[in-house]
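A closer look at the structure
So you can see what is in the structure, the chains are spelled out below.
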Amino acid sequence: MGALYVHSRPRQKNRSPFFFSWTLSSGVWMFIIYEIAVLRLLEITQLENFAFLLLLTCTCYSFYKMKAIADFELAIGSSKGKEYSPVLTSDSQYCQICQIEVNDRFFHSIWWDCCVLRQNYLYFLTGLVFATATILFANNLALTTVCQPFLLYGVILLPENCKDVYFEFQLAISFVSCTYGLGYLCIIALVLIRQLFVYIPKFIAPDLRKLVNIDV
């Protein structure tokens, strides 16, 4: 429902922290449930937990840098409006949500309540990749803990029978948190697919043009 609202909402509105707060609160609650409910079952090794924390740290750092750069670009002007631009270039575009003209703008991310520009796009893309890896890894650890797993290949386990989650609250809330995480993962996957076909070619186009000019 939230994704449909984001897709259909009017595009000419001021910035709203609603979806940004939703993203942060979702991540915090899933982390708390993982640390309190899943780790208490004592089936996850220290190495697996360290790998999860490392992926989570990389995800948080990437998105923090992305938002910090975007907020800096937004704050360097004293007024907002179509007449304002930090540096007037041919790549300047007006963001109807931020109500400011910014340089090298790709799109506005409602989930992070900021513009994604050329300056912070690499952090945004890296954050998406790390977020995908973090959710997949954490969900697999949690589901193979609360459910009966089977050996897929080598040391890789996958959940098979989850009937026990109906009889114990701790297992049930962990299972629901994993389901919610998989829903978020679907949204991230759609965003990644869009980046692959739309914005990654736009991001690397200047470098390709320079390479072609050098070869010529």
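Per an unreviewed UniProt entry, the chain goes by Palmitoyltransferase and derives from Parnassius apollo. According to the UniProt record, the Catalytic activity (unreviewed entry) comment for the chain reads "L-cysteinyl-[protein] + hexadecanoyl-CoA = S-hexadecanoyl-L-cysteinyl-[protein] + CoA".

With respect to the overall build of the chain
Of regular secondary structure, the chain possesses five helices and six strands. Each helix and strand of the chain, placed in order from N terminus to C terminus, yields the pattern α-α-α-β-β-β-β-α-β-β-α. Classification of the 216 residues of the chain by burial places 38% in the buried group. Only carbon and sulfur atoms are counted for the fraction: they give 68% of the accessible area of the chain, which is about 13300 Å².

What about the pattern of salt bridges?
Inspection of the entire model under this criterion finds one salt bridge. The shortest N-O distance in the salt bridge between Asp71 and Lys67 comes to 3.9 Å. On the criterion of helical spacing, the pair formed by Asp71 and Lys67 is a turn pair, its members being four residues apart in helix H3 (residues 46-75). According to the relative accessible area criterion, Asp71 is partly exposed, its value standing at 30%.

Quick word on the environment of Asn161
Tracing the backbone shows Asn161 in strand E6 (residues 156-161). Take Asn161: its relative accessible area is 27%, and that puts it in the partly exposed class. Along the primary structure Asn161 and Gln148 are separated by 13 residues, whereas in three dimensions their C-alpha atoms are 5.0 Å apart. Setting aside its immediate chain neighbours within four residues, Asn161 contacts Cys147 and Gln148. Side-chain polar atoms of Asn161 contact the backbone nitrogen of Lys163, separated by 3.1 Å.

Some points on the packing of H3 against helix H4 (residues 121-146)
The contact between H3 and H4 brings their axes to 8 Å, and the two run at 155 degrees. It follows from the interaxial angle that H3 and H4 lie roughly antiparallel. Note that H3 runs across H4; the crossing there is left-handed.

Here we look at the confidence of the model for the chain
Looking at the chain as a whole, the pLDDT averages 79, with 80% of positions reaching at least 70. Mean pLDDT across the elements of the chain bottoms out in helix H1 (residues 2-8) (59) and peaks in H4 (91).

Re the UniProt feature "transmembrane region" (unreviewed entry) in the chain
The positions that UniProt labels "transmembrane region" (unreviewed entry) are, in the present scheme, residues 18-41, 47-64, 121-151 and 171-193. Along residues 18-41 one finds 88% helix and 0% strand; the C-alpha atoms at either end are 34 Å apart. Annotation note: span residues 47-64, helix share 100%, strand share 0%, distance between end C-alpha atoms 26 Å.

Digging into unusual backbone geometry
Positive phi values are uncommon outside glycine, yet Asp113 reaches one of about 55 degrees. Mapped onto the fold, Asp113 is located in the loop between strand E3 (105-109) and strand E4 (114-117). For Asp113, a relative accessible area of 10% corresponds to the buried category.

What counts, and where the lines are drawn
Residues numbered from 1 in each chain as written. Predicted model: local features only at pLDDT ≥ 70, side-chain atom pairs only at ≥ 80, totals over all residues. Heavy atoms only, no water. UniProt positions renumbered as here; feature names shortened; annotations may be inferred. Helix = DSSP H or I, 4+ residues; strand = E, 2+ residues; numbered from the N terminus. Buried < 20%, exposed > 50% of the residue type's maximum accessible area, 1.4 Å probe, protein only. Areas by Shrake-Rupley, 256 points an atom, 1.4 Å probe, with all protein chains shown as cover. Salt bridge = Lys/Arg side-chain N within 4 Å of Asp/Glu carboxyl O. Contact = heavy atoms within 4.5 Å. Polar contact = N/O pair within 3.5 Å; in protein donor to acceptor, adjacent residues only side chain to side chain. Axes fitted to C-alpha atoms, helices over the stretch in contact; angles between N-to-C directions. Parallel < 35°, antiparallel > 145°, perpendicular 65-115°, else oblique. Left-handed = near helix turned anticlockwise from the far one by under 90°. pLDDT = per-residue confidence, 0-100.

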